[in-house]
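# Geometric and topological summary
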Amino acid sequence: MGRSRQNIKQRYISCAFILLISTVVVKIISAVYKIPLTAYIGATGRGYFSLAYNLCLPIHALTMGAFPIALSKLVSTYNVKGDYLKIKAVKKASGRLFFIIGVAGLGVMLIAAKPYSEAIASSPKSIYTILALAPSVFFSCLAAGKRAFAEGYLDMKPTAISQIIEALFKMVFGLLLARYSMSALYDFYVKTGTVLGNVVNSEEEALAAIYPLTSAAAMAGVTLGSIASWIFAGIYTSCRYKSFPSGRIDVKEAMNELVMFSVPLVGATVFQSISNFVDTASIQYALSLCDSNTLLLRYPQAGEDVYTYVYGIYSAALDYKNLVPGIVMALGVTAVPAVSAAYESSQEHFSSLMTSILKYTSILASAGGVVLSLFSRDILNLFYGSNNADIVDGGEGLLFLFGVTMMPCCIASTAVFCVQSLGYSKQTIAPFAVSSVVRALINYFVVGNVEVNILGTAYSNFAGFFIITVWCLAIIRKKTNCRIRYKEIFIKPVICTSVTFFAVKFIREGIFNGLSEFVSFGLSVLVCIVILIILLFLFRCISFKELKSFK
């Protein structure tokens with residue numbers, strides 16, 4: 001159970017690859033899941049889903065964004081030192097801690113459900129979906145504790161597999177429960193004219209009563225997924241990590257150590273949440289400063305509530321923009337135990353690992369960015385072209401800019417994870433504070449300019465994450481004297497993706513111009529992948545030696 005003789009850098013590459021693949025699989029499952037789900041519960045039901053998640057996500061961020069990092073860090077540190085009695089104590093303490101956190105998170109969801117649904121969300125019927133989601137907070141905390149313990153050994157298998165299991169359970173049981181609850185309740189209405197004993201006077205009124213219930217039934221699939229994830233992760237860690245030396249352990253001391261290391265992480269997580277809220281609120285406020293009549297000229301399909309419509313265009317583009325950092329985050333999660341172990345090992349190994357982590361982040365960010373910028377219209381058209389062509393026209397330019405400005409958004413996340421893994425979580429508060437102010441100011445002056453409107457969010461996004469990236473890299477450099485090869489991290493990937501962008505654009509417009517839009521899109525994607533891979537090897541951004549670590 002001691003440290004593997006395998007090089008930490010190679011183990012990081014292998015573990016990051018495993019988690020990266022699982023993240024992509026989970027994203028695909030989630031995308032597939034949403035299409036039939038909307039057919040069963042309707043747009044109104046999706047609204048209930050969103051409202052429940054809006055309450056859950058801040059609680060989830062606090063419970064899942066700090067304590068797992070602390071556990072992974074401590075296990076990694078003691079594993080490097082060979083102090084297995086400490087690991088044994090931390091393992092037992094973490095079980096108690098994550099149980100307490102899970103109960104607390106569940107309690108907050110249950111207590112907040114009614115006031116949130118009625119006073120804040122102005123949707124009393126969303127309480128059913130919130131209550132159906134609440135148990136998932138408890139089981140997700142238990143699962144996170146098991147996964148984080150294994151992550152301390154740079155073992156990402158339970159994390160990867162349990163996430164896929166959770167997504168599959170959510171999809172299968174969520175769709176089944178949504179379908180059969182909808183069918184049963186509607187058939188009962190047709191036969192009796194009532195919904196659960198309540199008389200309804202029309203089909204529209206019946207559906208209004210049914211959607212909250214079918215949405216809650218579908219949300220129960222999320223809770224079942226979290227239970228399945230916890231069961232797998234628990235069985236895996238219990239079987240894989242059960243051999244510890246005999247001897248006295250101090251569980252109370254281990255608990256205090258976990259809590260003390262987590263406190264600054266919790267503070268940083270709270271501030272990050274506030275920063276995101278400020279950014280969102282400033283965008284909405286800045287849009288309201290734009291002249292509505294001028295916006296209507298730019299977005300003639302908007303109708304009366306033009307500000308909500310334009311913000312909806314922004315949200316649609318943001319869904320696809322967020323896919324890239326969501327996938328790249330796997331590198332940051334894996335970095336926590338790897339960075340901790342390498343820092344305890346040697347300066348040379350640590351510098352080499354940091355360069356590799358940031359390089360892979362940069363490559364994936366650049367690749368995702370070039371795909372979004374090259375195929376912004378094609379991507380939106382694939383999902384919205386048949387029913388909402390106006391979203392394609394309105395969001396194309398914004399998604400293009402999101403692609404061009406993608407890199408700092410992804411690297412900032414990885415850099416923050418690395419700073420946290422070194423124990424300097426408090427120092428991430430300042431860059432988030434400055435970033436928040438800068439983003440709000442840019443939103444006010446640029447998004448508030450009716451000629452630019454939502455396109456300005458790409459500029460504020462770039463500036464804000466650029467500040468976080470530079471600041472966090474400076475913290476790492478100052479605290480560790482780490483020698484990071486910036487040419488490998490930034491310059492080479494940018495050159496490769498820039499050449500790829502112009503080459504594919506030239507080929508598509510010059511050679512594929514006469515083909516159908518769908519065929520042109522497919523061939524262009526294939527050409528983009530081939531050219532980018534060739535360039536990455538030619539510029540030695542990646543090598544066959546590194547690829548051998550993907551096992």
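So, here's what we can say about the structure. (Residues numbered from 1 in each chain as written. Predicted model: local features only at pLDDT ≥ 70, side-chain atom pairs only at ≥ 80, totals over all residues. Heavy atoms only, no water.)

Moving on to the pattern of salt bridges. Across all of its chains, the model carries nine salt bridges by this definition. Across the salt bridge formed by Glu509 and Lys505, the nearest N and O atoms sit 3.2 Å from each other. With a gap of four residues between them, Glu509 and Lys505 both fall in helix 17 (residues 486–510), about one helical turn apart. Judged by its relative accessible area of 37%, Lys505 is partly exposed. (Salt bridge = Lys/Arg side-chain N within 4 Å of Asp/Glu carboxyl O. Helix = DSSP H or I, 4+ residues; strand = E, 2+ residues; numbered from the N terminus. Buried < 20%, exposed > 50% of the residue type's maximum accessible area, 1.4 Å probe, protein only.)

The biggest cluster of nonpolar side chains holds 95 residues, and the ones touching the most others in it are Tyr12, Val310, Val339, Leu353, Met354, Ile454 and Ile476. With 12 residues, the top contributor of residues to this core is helix 11 (residues 347–374). (Core = buried A, V, L, I, M, F, W, Y, C linked by side-chain atoms within 4.5 Å.)

Residues Leu168, Phe169, Val172, Phe173, Leu176, Leu177, Tyr180 and Leu224 make up a contiguous nonpolar surface patch of roughly 640 Å² in combined accessible area. Here the nonpolar patch takes seven residues from helix 5 (residues 157–192), the largest share from any one element. Relative to the helices and strands, Leu168 is located in helix 5. Looking at Leu168, the relative accessible area reads 37%, which means it is partly exposed. (Patch = residues over 30% accessible without salt bridge, like charges linked within 9 Å, V, L, I, M, F, W, Y side chains within 5 Å. Areas by Shrake-Rupley, 256 points an atom, 1.4 Å probe, with all protein chains shown as cover.)

Here the second largest pocket is characterised by a volume of approximately 450 Å³. Taken together, 23 residues make up the lining of the second largest pocket; nearest its centre are Ser366, Val404, Met407, Val494 and Thr497. Where the lining of the second largest pocket is concerned, the elements lending two or more residues are helix 11, helix 13 (389–404), helix 14 (406–421), helix 16 (456–480) and helix 17. Top contributing element to the lining of the second largest pocket by residue count: helix 17, with six residues. (1 Å grid on protein atoms, 1.4 Å probe; cavity = no way out; pocket = protein on both sides within 12 Å on 5 of 7 lines; lining within 4 Å. Points joined across faces, edges and corners; volume = space filled by probe spheres on them.)

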